[in-house]
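# Structural overview
The lines below spell out each chain.
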There are 2 protein chains.
Amino acid sequence: MSLPNAPIERIIRKAGAERVSEEAVDQLRFALEDLGEEVAADAVNMASHAGRNTVKEEDVEIATQ
Amino acid sequence: MSLPNAPIERIIRKAGAERVSEEAVDQLRFALEDLGEEVAADAVNMASHAGRNTVKEEDVEIATQ
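### Re the interface of chain B and chain A
Contacts between the two partners involve 37 residues from chain B and, on the opposite side, 37 residues from chain A. Buried surface at the junction of chain B and chain A, both sides included, amounts to about 3200 Å², of which 73% is carbon and sulfur. Between chain B and chain A we count zero salt bridges in total. Applying the counting rule to chain B against chain A returns eight residue pairs in polar contact (both at pLDDT 80 or more).

### Details of the side chain of T54 of chain B
With respect to the helices, strands and loops of the structure, T54 of chain B is situated in strand β2 (residues 54–55). A polar side-chain atom of T54 of chain B sits 3.3 Å from a polar atom in the side chain of R19 of chain A. Apart from residues no more than four positions distant in its own chain, T54 of chain B is found in contact with R19, V20 and S21 of chain A together with A47 and D59 of chain B.

Reading the values: the criteria
- Residues numbered from 1 in each chain as written.
- Chains lettered and ligands numbered in written order.
- Predicted model: local features only at pLDDT ≥ 70, side-chain atom pairs only at ≥ 80, totals over all residues.
- Heavy atoms only, no water.
- Contact = heavy atoms within 4.5 Å.
- Buried area = accessible area lost by both parts, 1.4 Å probe.
- Salt bridge = Lys/Arg side-chain N within 4 Å of Asp/Glu carboxyl O.
- Polar contact = N/O pair within 3.5 Å; in protein donor to acceptor, adjacent residues only side chain to side chain.
- Helix = DSSP H or I, 4+ residues; strand = E, 2+ residues; numbered from the N terminus.

Spelled out as structure tokens, the structure:
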């Protein structure tokens, strides 16, 4: 699984970067993927805890708190 | 700025979700975009603090700590 680099580079440029190294983009991508996997795992547990097979917005909300 | 939904839905499915609501995908996307913007802003400041115009891997590393 991986997020695409282009929008992540855009986030860094929009934050005010004149130039961005490729490794910097990778580094932010890894961080976001890691967080995404952690939140997703918690959200799946929340859905299961609520007796659902469908992960809903409220599960992700709780998982990000 | 926005991350694409497809890879984010894949993250949630890979975490074990049988089904995922569209709003759940949006919710995780928003959370990752918010974090990305925060980290990017910190990384730009770190690069500036180091006297560089280029955001490097080490700037993002510090910004994610």
